[in-house]
Amino acid sequence: MEDDASGLFAPDRVAVVGATDREGAVGRAIVTNLADFDGDVVAVNPGREEVLGYDCYPDLQTAPDADLAVVVVPPSVVVDAVRDAGEAGVRNVVVITAGFSETGSEGADRERELAAVADDYDLNLVGPNSLGVLSTPSGLNATFGPSNALPGSLSFMSQSGAFITAVLDWANDQGIGFKDVVSLGNKAVMDETDFLRQWHDDPETNVVLGYLEGIEDGREFIDTAREVTEDTPAVVVKSGRTEAGAQAASSHTGTIAGSEAAYEAGFEQAGVVRAENVQELFDFARALDGLPLPDSEEVAVVTNAGGPGVMATDAVGDARLSMASFGDDTIDALSEMLPAEGNVYNPVDVLGDAGVERFADALDTVLGSEEIGCAVVVAAPTAVLDFEELAEVLAERQAEHGKPVVACLMGGERTERAADALSAAGIPNYFDPARAVDSLDALAVQRAVEAREYEEPAEFDVDRERAREILTDAADRGSRRLGVEAMDLLDAYGIPTPEGEVVDDPADAVWVANDIDGDVVMKIVSPDILHKSDIGGVKVGVPDDEVRDAYEDLVTRAKNYQPDATILGVQVQEMVDTDAGTETILGVNRDPQFGPLVLFGLGGIFVEVLEDTSVRVAPVSGREADEMIDDLDSAPLLRGARGREPADEEAITDAVQRLSQLVTDFPAILELDVNPLLATADGVQALDVRLTIDPEQL
């Protein structure tokens with residue numbers, strides 16, 4: 001694929017391959033929609049001499065040179081049509097035709113062939129199974145949708161073509177405009193990451209929007225989005241959040257939906273603003289497109305209605321924003337201008353008899369205060385308040401102070417002209433105070449994203465060869481599951497483990513136990529026996545003189561429980577006082593889109609009950625590892641709540657990063673659990689480990 005895909009959105013000549021004048025045909029709809037295109041249009045169809053007034057050619061080789069080919073021929077000849085485009089020197093192709101990977105194995109084979117042809121000719125190919133592309137500056141509407149878009153500075157990609165038609169219809173009613181729109185279709189070649197990159201380089205795109213059902217390459221998406229979101233906001237709705245939704249997404253587009261935890265972590269690490277639904281997507285987009293970012297997360301609410309003011313305050317409590325505490329100067333100034341019954345604290349109540357002037361003075365005061373980063377104006381309709389005049393004042397004060405202001409003019413028809421005036425000034429208006437606050441919250445999220453400094457993950461000095469040897473030995477034994485016999489894997493990567501060894505002879509067990517101070521813990525070692533304690537496969541507090549008998553007893557129990565189990569021996573390990581710290585879990589799960597996910601949280605017996613965990617996509621940097629601790633509801637336990645001794649957080653973040661490096665280095669590790677990882681004031685220790693490997697990846 002070419003680096004620059006600008007020809008997709010700004011071609012000089014478009015060729016419609018499969019153009020027709022037949023009523024109801026998609027080829028006719030596309031030609032018709034190109035009527036307002038600034039450039040040239042040519043039709044390609046060996047069965048026609050002209051189509052709807054355009055000259056028609058038998059193939060792209062004989063047609064005038066085109067920058068963009070829109071292919072709408074039957075599935076069986078799509079690959080030939082795309083090869084024809086490559087031979088003719090057309091570099092940008094949109095395949096409208098369906099009948100590819102979304103239909104089954106035959107379609108999937110055809111799609112692979114299509115991608116191979118695109119690769120051979122270095123084509124920017126959108127689709128197949130795409131609604132098409134449009135771009136308002138040139139009047140390009142190479143889609144078969146019923147509506148064109150209004151001009152604007154939002155660029156929008158969607159994995160669902162039907163969703164685009166609905167959004168355009170709705171956005172036209174709302175006065176929301178777009179710069180570029182693309183229907184991704186099956187993403188055989190170009191995917192969401194390509195368009196993030198394209199629109200980042202486009203000075204006419206202020207905000208990138210996406211409706212995604214899945215992401216092709218999670219790691220590439222994160223790395224690209226990090227660069228993009230440093231100065232261009234990206235807002236995404238990701239469907240398939242629930243298990244049922246994920247299955248529906250898979251059957252809809254052939255996408256294997258990654259786990260919700262992976263998307264949540266990936267978007268956060270990428271700096272993408274996550275919208276839960278379509279309303280939020282465009283609420284956030286309007287705020288990010290029209291308003292400056294706040295200097296702080298301190299918000300002021302100015303209202304003429306007590307109830308809606310409280311609703312706005314509640315919404316702030318649910319957001320990352322904070323209700324600003326006014327200084328004495330601000331309170332004094334508000335006291336002078338408001339009636340005695342008004343509220344000079346936050347939320348500021350200018351009372352129901354307030355006219356535009358009282359709103360203007362109050363807004364002037366709060367926006368002029370250093371304690372305020374942004375403001376919400378909530379106004380219910382009254383006989384003394386002219387909404388159009390209020391809109392004019394809001395626009396003036398917002399421009400003057402340079403701080404983001406959102407409006408909540410509550411009402412019906414009488415708010416429409418005021419809302420239009422606000423929109424022209426870049427100020428969004430909402431009926432619901434919570435939506436207004438959420439939009440300010442999106443600005444605060446973007447502010448935090450742009451203030452971030454991404455650090456490269458640390459590269460620790462580890463014994464990679466020792467780790468490979470442990471994994472290879474297991475694979476040679478035919479083992480896919482490993483238990484405590486893999487503790488040396490953690491040692492090789494510098495994650496502390498208790499003193500001990502796995503032995504396959506009772507005499508060796510005695511020898512190891514004698515080298516360890518105090519009593520020992522002994523565990524049966526078998527990849528076939530997962531829950532060792534359930535079968536009496538663990539003995540705690542074994543003195544040296546009982547080690548030989550304990551060894552024999554553990555092996556006998558295991559053989560009685562599962563005669564065909566592979567028994568590698570017994571682990572002899574020093575006793576660790578688990579009451580001296582907090583039991584945590586450190587784990588990894590490999591996601592199909594994002595690769596290894598590192599999980600940290602409360603461990604031991606609580607992990608499945610409380611599910612207090614945090615997830616990041618590996619490799620994990622030091623800052624991200626620190627944030628994983630901050631994310632936990634139980635973080636105060638680690639930090640010394642109720643007189644507990646604080647855990648060594650530096651040792652925790654070090655272990656998180658080392659495990660992240662291990663699973664990044666070895667794609668053969670599919671899953672890994674260190675549970676518990678005991679966190680104490682003196683550091684951490686991995687007391688138990690389980691992992692699953694794919695021998696073919698070694």
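Look a little higher up for the structure.
Model, not experiment: these values are computed from the prediction. Each chain carries its own residue numbering, running from 1 in the written order of its sequence. It should be noted that, the model being predicted, local features are given only for residues of pLDDT at least 70 and side-chain atom pairs only at 80 or more, the latter also being counted only at that level, while totals for whole chains, interfaces and linings use all residues. Note that the side-chain values use all heavy atoms of the structure and ignore hydrogens as well as water.

(A) Structural detail: the sheet that holds strand β12 (residues 207–212). DSSP-based pairing: two strands are paired if at least 2 bridges between them are found. Secondary structure elements follow DSSP: runs of H or I of four or more residues count as helices, runs of E of two or more count as strands, with numbering from the N terminus. In space, the seven strands of this open sheet follow the order β9-β8-β11-β10-β12-β13-β14, with mixed pairing throughout. For this open sheet the edge positions go to β9 (140–143) and β14 (273–275), each flanked by a neighbour on one side alone. Strand after strand, the sheet turns through a mean of 25° between neighbouring axes, direction not considered. Examined bridge by bridge, strand β8 (residues 132–135) and strand β11 (residues 177–183) share three bridges and lie antiparallel to one another. In this analysis, axes come from line fits to C-alpha atoms, helices being fitted only over the stretch in contact, and the angle between any two N-to-C directions falls in the range 0 to 180 degrees.

(B) Local environment of the nonpolar core. Definition of nonpolar core: a set of buried residues of the types Ala, Val, Leu, Ile, Met, Phe, Trp, Tyr and Cys, connected through side-chain atoms within 4.5 Å. Burial classes follow relative accessibility: with a 1.4 Å probe on protein chains only, a residue under 20% of its type's maximum area counts as buried, one over 50% as exposed, and anything between as partly exposed. Ranked by size, the top nonpolar core spans 82 residues in total, and within it F156 and F178 carry the most contacts. Ranked by residues supplied to this core, first place goes to helix α13 (residues 356–367) with seven residues. Here, two residues are considered to be in contact whenever any of their heavy atoms come within 4.5 Å of each other. Setting aside residues up to four positions removed in sequence, F178 forms contacts with T136, A149, L150, P151, G152, S153, L154, F156, V167, L168, A171 and F282. Counting 49 residues, the second-largest nonpolar core is a separate cluster that includes A5, F9, V133 and W199.

(C) View of the state of the cysteines. The disulfide criterion used throughout: a pair of cysteine sulfur atoms within 2.5 Å. For the structure on display, the rule yields zero disulfides. In this model C374 remains outside any disulfide bridge; the closest cysteine sulfur is found in C408, 15 Å from its own.

(D) View of the pattern of salt bridges. The salt bridge definition used is simple: a Lys or Arg side-chain nitrogen within 4 Å of an Asp or Glu carboxyl oxygen. On inspection of all chains with the given rule, the structure shows 35 salt bridges. Residue R226 pairs with E624 through a salt bridge whose shortest N-O separation is 2.5 Å. You can see R226 sitting in helix α7 (residues 218–228) and its partner E624 sitting in helix α22 (residues 622–631), a full 398 residues away along the chain. As far as burial versus exposure is concerned, R226 and E624 are alike and both buried. Between D364 and R397 there is a salt bridge, with its nearest N and O atoms 3.5 Å apart. One end of the pair, D364, is in helix α13; the other, R397, is in helix α14 (residues 387–401), and 33 residues separate them in sequence. D364 sits in the partly exposed class, given a relative accessible area of 27%. By relative accessible area, R397 is classed as buried at 14%.

(E) How the structure looks around unusual backbone geometry. A cis geometry characterises the amide bond from G127 onward to P128, with omega recorded as 0°. Within the secondary structure, P128 sits in the loop between β7 (124–126) and β8. Here the bond from N346 into P347 is cis, since omega is 5°, no more than 30 degrees from zero. As for its position among the elements, P347 is in the loop between α12 (328–337) and β17 (348–349). For D122, which is not glycine, the phi torsion reads 55° and is therefore positive. Looking at the element boundaries, D122 is found in the loop between α4 (105–120) and β7. Residue classification places D122 among the partly exposed residues on the basis of a relative accessible area of 33%.

(F) Summary view of the sheet that holds strand β22 (residues 520–525). An order of β21-β24-β22-β23 is seen for the four strands of this open sheet, with the pairing classed as antiparallel. Two strands lie at the open edges of the sheet, namely β21 (500–503) and β23 (538–542), each paired on one side alone. Each strand of the sheet is rotated relative to its neighbour by a mean of 20°, with strand direction disregarded. Sheet topology places β21 next to strand β24 (residues 569–574); four bridges connect them, and they run antiparallel. Of the residues in β24, the one forming a bridge with E501 is V572. Sheet strands in contact with helix α19 (residues 506–515) are β21, β22 and β24, and its direction is about 180° off that of β21. Set on the sheet, helix α20 (residues 547–561) makes contact with β21, β22, β23 and β24; between it and β22 the angle comes to about 30°.

(G) Representation of the packing of helix α3 (residues 78–87) against α4 within the structure. Their axes nearest at 10 Å, the elements α3 and α4 cross at an angle of 5°. Considering their axes alone, α3 and α4 lie roughly parallel with respect to each other. Side by side, α3 and α4 meet where V78, V79, V82 and R83 of the first sit next to R110, E113, L114 and V117 of the second. Residues are grouped as follows: Ala, Val, Leu, Ile, Met, Phe, Trp, Tyr, Cys and Pro are nonpolar; Asp, Glu, Lys and Arg are charged; all remaining types, including Gly, are polar. The residue inventory of the contact of α3 with α4, partitioned by class, reads five nonpolar, no polar and three charged. In this scheme, roughly parallel covers angles under 35 degrees and roughly antiparallel covers those over 145, while 65 to 115 is roughly perpendicular and the rest are oblique.

(H) Geometry of helix α9 (residues 260–270). Along α9, the positions that sit buried rather than exposed are A262, Y263, A265, G266, F267, Q269 and A270. Phi turns positive, to about 80°, at G271, one or two residues after α9.

(I) Fine view of the pairing of strand β19 (residues 405–409). Summarising burial for β19: five of the five residues are buried, a large majority. The side-chain alternation of β19 yields two buried faces, one formed by V405, A407 and L409 and the other by V406 and C408. Where strand β18 (residues 374–379) meets β19, five bridges bridge the pair, whose relative direction is parallel. Of the residues in β19, the one forming a bridge with V376 is V406.

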